[in-house]
Amino acid sequence: DAGVIQSPRHEVTEMGQEVTLRCKPISGHNSLFWYRQTMMRGLELLIYFNNNVPIDDSGMPEDRFSAKMPNASFSTLKIQPSEPRDSAVYFCASTGDGGLREQYFGPGTRLTVT
Amino acid sequence: GQQLNQSPQSMFIQEGEDVSMNCTSSSIFNTWLWYKQDPGEGPVLLIALYKAGELTSNGRLTAQFGITRKDSFLNISASIPSDVGIYFCAGPTSGTYKYIFGTGTRLKVLA
């Protein structure tokens, strides 16, 4: 069974450009999480979806960040406009029990904003 | 954001040695998860713990859910070079889906 799939694996963009990160959760999982990982702050939860509905977006750093989950098998995280401080690794994770059990992570997208 | 404290932060060990690391929190957890992250990859789930006092093994790995519910331990027996990586503990704050991740223990194994 395929794990969480993320694309692209690497993204290099210039400041001010729009960036879209994609995630396909594990089939059958009903909760999806977006995280950001940096050396300084570790893993931070950005937003949590349950049954395609955003439940908590309090971790989204600012209005430049937005996330959608149009169906159970696809989610996007968009940054517009991007800034150098957004450079990080962005992970998507999914779980099948309303978020209270094991989370399975994707391979991540390494974003570099120059 | 809030984080769990892991110790040690990093360790060098010889191949074949046993490794112990722990994770502590100021608040109670009802689930503890242990992950390993290799460079350039996402965290991979190793062991999940759901009851205070629970001891669970996965091959050479053994993890325990502390009785106080504020700590957890991970042991690796007979380490091998592929054990190199960063080990994270994680758990949801009580009754929520919000997972807090530890600061990580970086393990380096000398062949």
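Above: the structure in question.
These remarks concern the structure in this document. These numbers were taken from a predicted model, which means no experiment stands behind them.

Conventions we followed
- Counting of residues starts from 1 at the beginning of each chain's written sequence and follows it residue by residue.
- Naming scheme: in the order in which they are written, chains are lettered from A and ligands are numbered from 1.
- Selection of residues for local features in this predicted model requires a pLDDT of at least 70, selection of side-chain atom pairs for listing and counting requires 80 or more, and totals for whole chains, interfaces and linings are taken over all residues.
- In computing side-chain properties, one takes all heavy atoms of the structure into account and sets aside hydrogens as well as water.
- The rule is short: rings of Phe, Tyr and Trp, with Trp giving its six-membered ring, pair when the centres are within 6.5 Å, and they are stacked under 30 degrees, edge-to-face over 60, tilted in between.
- In this text, helices come from DSSP runs of H or I with a minimum length of four residues, and strands from runs of E with a minimum of two, each type numbered from the N-terminal end.
- Our working definition of a disulfide is a cysteine sulfur pair at a distance within 2.5 Å.
- Residue burial is assigned from relative accessible area. The probe radius is 1.4 Å, only protein chains are included, and a residue is buried under 20% of its type maximum, exposed over 50%, and partly exposed in between.
- Two strands pair if DSSP finds at least two bridges between them.

**Digging into the packing of aromatic side chains**
Alright, step 1. Using the criterion set out here, one finds 11 aromatic pairs over all chains in the structure.
Alright, step 2. Judged by centre distance (6.1 Å) and plane angle (85°), the ring pair of Phe91 of chain A and Phe105 of chain A falls under edge-to-face. Of this pair, Phe91 of chain A sits in strand β9 (residues 88-95) while Phe105 of chain A is found in strand β10 (residues 104-105), placing the two residues 14 residues apart along the sequence.
Alright, step 3. The interplanar angle of 45° and the centroid separation of 5.9 Å between the aromatic rings of Tyr35 of chain B and Phe101 of chain B together place this pair among those described as tilted. Pair noted here: Tyr35 of chain B is in strand β4 (residues 32-37) and Phe101 of chain B is in strand β10 (residues 99-101), with a separation of 66 residues, a long-range link.
Alright, step 4. Through successive ring pairs, a cluster of aromatic residues spans Phe33, Tyr35, Tyr48, Phe91 and Phe105 of chain A together with Tyr35, Tyr99 and Phe101 of chain B.

**So, the state of the cysteines**
Residue and element names in this part refer to chain A.
Alright, step 1. For the structure on display, the rule yields two disulfides over all chains.
Alright, step 2. Covalent S-S linkage joins Cys23 and Cys92, the inter-sulfur distance amounting to 1.9 Å. Taking the torsion about the S-S bond as the criterion, the Cys23 to Cys92 disulfide, at about -65°, is left-handed. A residue pair is termed long-range when its members are at least 10 positions apart, and Cys23 in strand β3 (residues 19-24) and Cys92 in strand β9 qualify at 69 residues. Each of the two residues, Cys23 as well as Cys92, counts as buried.

**Here we look at the pairing of strand β3 (residues 19-24) of chain B**
Residues and elements named next belong to chain B.
Alright, step 1. Burial along β3 is one-sided: the face carrying Val19, Met21 and Cys23 is buried and the face carrying Ser20, Asn22 and Thr24 is not.
Alright, step 2. Inspection of the sheet shows strand β1 (residues 5-7) paired to β3 by three bridges, in the antiparallel sense. Looking across to β3, one finds that Asn5 is bridged to Thr24.
Alright, step 3. Note: β3 against strand β8 (residues 71-76), six bridges, orientation antiparallel.

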